[in-house]
Amino acid sequence: MPPAPSGQIQPAPGRPGAREAGPDRVEPLDPSRVRIDDLRSQRRERREGDRVIIEEPGDRTIIREGNQVIIRHDDTERFRRTYRDADIRTERRGADEEVTIVRRPDGSEIVTVRDQYGNLVRRVRREPAGREVVLIENRRSGIERRPGYGYVEEEVIRMPPPVVRIPREEYIVETERASEADIVRAFTAPPVERIERAYTLDEVRRSQPLRERMRRVDVDTINFEFGSWELPPDQIDSLRGIADGLRQAISRNPNEIFLVEGHTDAVGSDEDNLTLSDRRAETVATILTQRYQIPAENLTTQGYGEQYLKVNTPGPERENRRVTMRRITPLLQGQNQQ
């Protein structure tokens, strides 16, 4: 059985048209040489009951069940590619846990624990002196693992959207128009509506109403080429403002967690759009670490394909091919204050 996915569901209308978008381990692809057409030919598909499971290079799994499609990935693969000079080892802990330890040259370690189905259990930062800080605790008492969806309570998916009482430009910050202070404010602000409890990362990834309790930063200063998840070199500098905002927020609280969300326009198949958006989010997170030294463990990524269009159109639209970011620490920790 493949690792159980954690991610957002999205409708699968299965319409045709141009695409904007197994148990065996497949090596990651070099994004500078690969586009979606190449990736499509390397997918491996199989059926388990009512589910169609598609394995892709780069350690991604797309699962189609009925009219729903989800994508899952392992963030530790990003750590491997980002910290190429790190000592990385994986070991078993008991019968049902796998532990991956990324030891960086400064002696610090990122420890990721997964259950027997591949679901994230927790992520820990271990300082050189031995002090440990739990960054993400995904498995929680009273929340059972739902096969295929990770640690999620279904009512979280159906919760109502928040009532937003702040101006739209403060709630959705567009980097093309925003000042550094605007970005820092969005990355440090408390929830716009009261948080009832601490939620799992799986719940945050899957529930749009839950995520909407935090302000959003639209990274609209970058644009990916059609069918590609590579960011052209001349656009990498456009992430400097985002990196500066993240750095200031993390300097206030080194344990902040930010979700990097990938989105596409509505042109193409669900599978193509999901993997494009997921890989584009990972590209941005990788650049933020490699170029701007934002710690990899403070970022997590998720692709949503075409589910949340910024401009409601079925055609090609640059503004829909975007990456957004949110501070999700209060959701993970059940905090209502800054």
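Residues numbered from 1 in each chain as written. Predicted model: local features only at pLDDT ≥ 70, side-chain atom pairs only at ≥ 80, totals over all residues. Heavy atoms only, no water.

A. How the structure looks around the pattern of salt bridges. What the rule picks out here adds up to 43 salt bridges. Put simply, Arg114 and Asp74 hold a salt bridge, and the shortest N to O gap is 2.9 Å. In this pair, Arg114 sits in strand β8 (residues 109-115) while Asp74 sits in the loop between β5 (68-73) and α2 (75-82), placing the two residues 40 residues apart along the sequence. Each member of the pair, Arg114 as well as Asp74, carries the same accessibility label: buried. Salt bridges here are not isolated pairs; linked through shared partners, they connect Asp37, Arg40, Arg43, Glu56, Asp272 and Arg279. (Salt bridge = Lys/Arg side-chain N within 4 Å of Asp/Glu carboxyl O. Helix = DSSP H or I, 4+ residues; strand = E, 2+ residues; numbered from the N terminus. Buried < 20%, exposed > 50% of the residue type's maximum accessible area, 1.4 Å probe, protein only.)

B. Quick peek at the sheet that holds strand β10 (residues 132-137). The 5 strands are arranged β6-β7-β8-β9-β10 in an open sheet whose pairing can be described as antiparallel. Bordering the open sheet on either side are β6 (87-93) and β10, each of which pairs with just one other strand. Sheet twist, expressed as the average angle between the axes of neighbouring strands with direction ignored, equals 20°. Bridge count between β8 and strand β9 (residues 120-126): 6 bridges; the pairing is antiparallel. Directly across from Val111, in β9, lies its bridge partner Val124. Helix-sheet contacts for α2 involve β6, β7 (97-103), β8 and β9, and the interaxial angle to β8 is about 150°. (Pairing = 2+ DSSP bridges. Axes fitted to C-alpha atoms, helices over the stretch in contact; angles between N-to-C directions. Contact = heavy atoms within 4.5 Å.)

C. Representation of the sheet that holds strand β15 (residues 258-262). Read from one edge of the open sheet, 5 strands run β13-β14-β17-β15-β16, paired in mixed fashion. In this open sheet, the two edge strands, each paired with only one partner strand, are β13 (172-174) and β16 (299-303). Adjacent strand axes in the sheet meet at a mean angle of 25°, parallel and antiparallel pairs treated alike. Two strands pair when backbone bridges link them, and β13 and strand β14 (residues 216-219) are joined in this way by 3 bridges, in the parallel orientation. Note on β14: the bridge partner recorded for Val173 is Val217. Against the sheet, helix α9 (residues 240-252) contacts β14, β15, β16 and β17 (323-327), and its axis sits at roughly 155° relative to β15.

D. Spotlight on the packing of aromatic side chains. A full pass over the atoms with the stated rule returns 2 aromatic pairs. Considering the side-chain rings of Phe187 and Phe258, the 5.2 Å spacing of their centres and the 70° angle between planes classify their relative orientation as edge-to-face. Of the two residues, Phe187 sits in helix α5 (residues 180-188) while Phe258 sits in strand β15, which places them 71 residues apart along the sequence. Note that Arg145 overlies the ring of Tyr117, its terminal NZ or CZ placed 3.7 Å from the centroid. Here Arg279 stacks its cationic end above the ring of Trp229, 5.0 Å away from the centre of that ring. (Phe/Tyr/Trp six-rings, centres within 6.5 Å; stacked < 30°, edge-to-face > 60°. Lys NZ or Arg CZ within 6 Å of the ring centre and 35° of its normal.)

E. Quick look at the packing of α5 against α9. Following both chains from N to C, one finds α5 and α9 inclined at 45°, their axes separated by 9 Å at the closest point. It follows that α5 is oblique to α9 by the angle criterion. As for the relative orientation of α5 and α9, their crossing is right-handed in sense. Note on element contacts: α9 touches α5 through Gly241, Ile242, Asp244, Gly245, Leu246, Gln248, Ala249 and Arg252, opposite Glu180, Ile183, Val184, Phe187 and Thr188. (Parallel < 35°, antiparallel > 145°, perpendicular 65-115°, else oblique. Left-handed = near helix turned anticlockwise from the far one by under 90°.)

F. Examining the packing of α2 against helix α10 (residues 270-290) more closely. Where α2 meets α10, the axes come as close as 10 Å, and the angle between the chain directions of the two elements is 40°. With respect to α10, the axis of α2 lies oblique. The crossing of α2 and α10 is right-handed. For the pair α2 and α10, the contacting residues are Arg78, Arg81 and Thr82 in the first and Glu282, Ala285, Thr286, Thr289 and Gln290 in the second.

G. Main features of unusual backbone geometry. With phi around 60°, Gln293 is a residue other than glycine that occupies positive phi space. Looking at the element boundaries, Gln293 is found in the loop between α10 and β16.

H. Region of interest: the nonpolar core. Core analysis: the biggest nonpolar cluster contains 28 residues, and Phe187, Leu239, Ile242, Leu246, Leu288, Leu299 and Met325 have the highest contact counts within it. At the level of secondary structure, the elements contributing two or more residues to this core comprise α5, β14, α9, β15, α10 and β17. Within the second largest apolar cluster, 19 residues are counted, among which are Leu201, Leu210, Tyr304 and Tyr308. (Core = buried A, V, L, I, M, F, W, Y, C linked by side-chain atoms within 4.5 Å.)

Distances and angles like these do not, on their own, reveal function.
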